[in-house]
Amino acid sequence: MQLKDKVAYITGSASGIGKEIAIVYAREGAKIVIADLNKEAADATAAELKATGAQAIGVGVDVTNEDQVNASVEEAVKAFGGIDILVSNAGIQIVHPVEEFAFADWKKMLAIHLDGAFLTTKACLKHMYAQGRGGRVIYMGSVHSKEASLLKAPYVTAKHGLIGLAKTVAKEGAKHGVAANVICPGFVRTPLVEKQIPEQAKTLGITEDEVVKNVMLKETVDGEFTTTDDVAQVALLFAAFPTNALTGQSMVVSHGWFMQ
Ligand code: NAD
């Protein structure tokens, strides 16, 4: 039980990577806050965790809305008495070439990935600092925090930006025992990626199979998707790491797609 009685607030955890992190953290003894735009799915995920004997609640939140973020963090604190771990994971994808990208879509992408990270960090740090028992802030970056791909201008921009935020939180949080990290996964077969396969096939004029083999997995060492469990194990490492030694670091989890 590496996270016994720690309270973890995980955004976008009603699906995909965030949900797997919630499952792994719950197995390690954490009390879980499933914070998601989809309140119904958040409640259902919390119920699944509770059925395994874990403590969990679902909260509805749009991470781009400051009032909703603050209210959901307060709800979590009221339910479980504090916040020890923030996983800022909620995200979406929109793909277009730069010259065709609608400004509204650009702003939406930056709002979810960057405003969401900032607002949840601000709300959770306040509690972590006041509690005086340290904390862990983990951002869901991407290989696109380090590398670019066609059609993903705002995603690549936002994911690079998270590394700057994590480094700043690492420096400011150190005196409070708060560490910050970024996880940078390769392609993981979640609903977010399933949606991109036909879209990229259409935009690039190739088959869906070619998108998977020649675009998504081309540079991996084994032609394998990164799994939600691959990512969740790294999220556990950062959450449970006992000292500040790893703070400010970002780790790529991509089956060799990107090596740094
Ligand atoms: P997903 O679509 O399976 O899950 C995303 C979740 O975020 C959903 O439950 C959705 O309801 C929630 N969400 C969306 N907008 C929100 C908002 N405004 N407020 C609160 N919740 C919101 O996606 P996923 O693949 O699990 O992605 C999770 C994170 O991992 C994202 O930040 C994504 O960029 C990142 N990531 C994914 C991959 C991949 O290949 N799937 C690779 C690298 C990084």
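Keep in mind that what you see is a predicted model, and the values were worked out from it rather than measured. (Residues numbered from 1 in each chain as written. Predicted model: local features only at pLDDT ≥ 70, side-chain atom pairs only at ≥ 80, totals over all residues. Heavy atoms only, no water.)

1. Considering the overall build of the protein chain
Here is step 1 of the chain: Secondary structure summary: the protein chain contains 8 helices and 7 strands in total.
Here is step 2 of the chain: For the protein chain, the C-alpha atoms occupy an extent of roughly 55 × 35 × 35 Å along the three principal directions.
Here is step 3 of the chain: Taken over 260 residues, the protein chain has a buried fraction of 52%.
Here is step 4 of the chain: Accessible area of the protein chain: about 11600 Å², with a carbon and sulfur share of 54%.
Here is step 5 of the chain: Counting 25 positive and 29 negative side-chain charges, the protein chain places the centres of these two groups 7 Å from one another. (Helix = DSSP H or I, 4+ residues; strand = E, 2+ residues; numbered from the N terminus. Buried < 20%, exposed > 50% of the residue type's maximum accessible area, 1.4 Å probe, protein only. Areas by Shrake-Rupley, 256 points an atom, 1.4 Å probe, with all protein chains shown as cover. Lys, Arg positive; Asp, Glu negative; His and termini not counted. Charge placed at Lys NZ, Arg CZ, Asp CG, Glu CD.)

2. Topic: the site of the ligand
Here is step 1 of the chain: Neighbouring residues of the ligand: 28 residues in total, closest Ser15, Asp36, Tyr155, Val188 and Thr190.
Here is step 2 of the chain: At 2.6 Å, a side-chain N or O of aspartate 36 approaches an oxygen atom of the ligand.
Here is step 3 of the chain: In this structure, a nitrogen atom belonging to the ligand sits 3.0 Å away from a main-chain N or O atom of valine 63.
Here is step 4 of the chain: In the complex, 92% of the free accessible area of the ligand, which totals 840 Å², lies under the protein chains.
Here is step 5 of the chain: Breaking the shell around the ligand down by element, the ones donating at least two residues are helix 1 (16-27), helix 4 (103-131), helix 5 (153-173) and helix 6 (191-204). (Near = heavy atom within 4 Å. Polar contact = N/O pair within 3.5 Å; in protein donor to acceptor, adjacent residues only side chain to side chain.)

3. Some remarks on unusual backbone geometry
Leaving glycine out, the prevailing phi sign among residues is negative, and the prevailing peptide bond configuration is trans.
Here is step 1 of the chain: One non-glycine residue with positive phi stands out, namely leucine 151, at about 80°.
Here is step 2 of the chain: Relative to the helices and strands, leucine 151 resides in the loop between strand 5 (135-140) and helix 5.
Here is step 3 of the chain: Classification of leucine 151 as buried rests on a relative accessible area of 13%.
Here is step 4 of the chain: The phi torsion at histidine 255 lies on the positive side, around 55°, for a residue other than glycine.
Here is step 5 of the chain: In this fold, histidine 255 is placed in the segment after strand 7 (250-253).

4. Here we look at the domain arrangement of the protein chain
Here is step 1 of the chain: What the domain assignment reports for the protein chain is domain 1 (7-187 + 227-253) and domain 2 (189-225).
Here is step 2 of the chain: Here domain 1 and domain 2 have C-alpha centroids that lie 25 Å from each other.
Here is step 3 of the chain: Listed by partner, the interface residues are 13 residues for domain 1 and 13 residues for domain 2.
Here is step 4 of the chain: Summed over both sides, the interface between domain 1 and domain 2 buries roughly 1000 Å², with carbon and sulfur atoms accounting for 70% of that surface.
Here is step 5 of the chain: In terms of surface lost to domain 2, no three residues of domain 1 exceed Gln93, Leu151 and Phe187, which account for 54% of the buried area on that side.
Here is step 6 of the chain: If you look at where domain 1 meets domain 2, you find 2 residue pairs in polar contact (both at pLDDT 80 or more).
Here is step 7 of the chain: Here the residues of the side of domain 1 that touches domain 2 sort into 6 nonpolar, 6 polar and 1 charged. (Domains from an automatic or database assignment. Contact = heavy atoms within 4.5 Å. Buried area = accessible area lost by both parts, 1.4 Å probe. Nonpolar A, V, L, I, M, F, W, Y, C, P; charged D, E, K, R; others polar.)

5. Regarding the sheet that holds strand 7
Here is step 1 of the chain: Across the sheet, which stays open at both edges, the 7 strands sit in the order 3-2-1-4-5-6-7 with parallel pairing between neighbours. Two strands bound the open sheet, and with one partner strand each, they are strand 3 (56-60) and strand 7. On average, each strand axis in the sheet is inclined to that of its neighbour by 15°, with strand direction left out of account.
Here is step 2 of the chain: Here strand 1 (residues 7-11) runs beside strand 4 (residues 85-88); their pairing, made up of 3 bridges, is parallel. Following the sheet pairing, isoleucine 10 is matched in strand 4 by valine 87.
Here is step 3 of the chain: Here helix 8 (residues 228-240) sits on the sheet and contacts strand 4, strand 5, strand 6 (178-185) and strand 7; the angle it forms with strand 6, its principal contact strand, is near 165°. (Pairing = 2+ DSSP bridges. Axes fitted to C-alpha atoms, helices over the stretch in contact; angles between N-to-C directions.)

6. Topic: the nonpolar core
Here is step 1 of the chain: Ranked by size, the top nonpolar core spans 44 residues in total, and within it Tyr9 and Val137 carry the most contacts.
Here is step 2 of the chain: In terms of residues, this core owes the most to one element, helix 4, which gives 6 residues.
Here is step 3 of the chain: Both domains that furnish three or more residues to this core are identified here as domain 1 (7-187 + 227-253) and domain 2 (189-225).
Here is step 4 of the chain: Ala8, Ala54, Ala235 and Val253 belong to the second largest nonpolar core, which has 32 residues in total. (Core = buried A, V, L, I, M, F, W, Y, C linked by side-chain atoms within 4.5 Å.)

7. Brief notes about the packing of helix 1 against helix 8
Here is step 1 of the chain: In contact at an axis separation of 8 Å, helix 1 and helix 8 are set at 55° when each is read in the N-to-C sense. Viewed along their axes, helix 1 and helix 8 adopt a mutual orientation that is oblique. For the crossing formed where helix 1 meets helix 8, the hand is right-handed. Together, Gly16, Ile17, Glu20, Ile21, Val24 and Tyr25 of helix 1 and Thr228, Asp229, Val231, Ala232, Gln233, Ala235, Leu236 and Ala239 of helix 8 make up the contact between the two elements.
Here is step 2 of the chain: Grouping the amino acids of the contact of helix 1 with helix 8 by side-chain chemistry returns 9 nonpolar, 3 polar and 2 charged. (Parallel < 35°, antiparallel > 145°, perpendicular 65-115°, else oblique. Left-handed = near helix turned anticlockwise from the far one by under 90°.)

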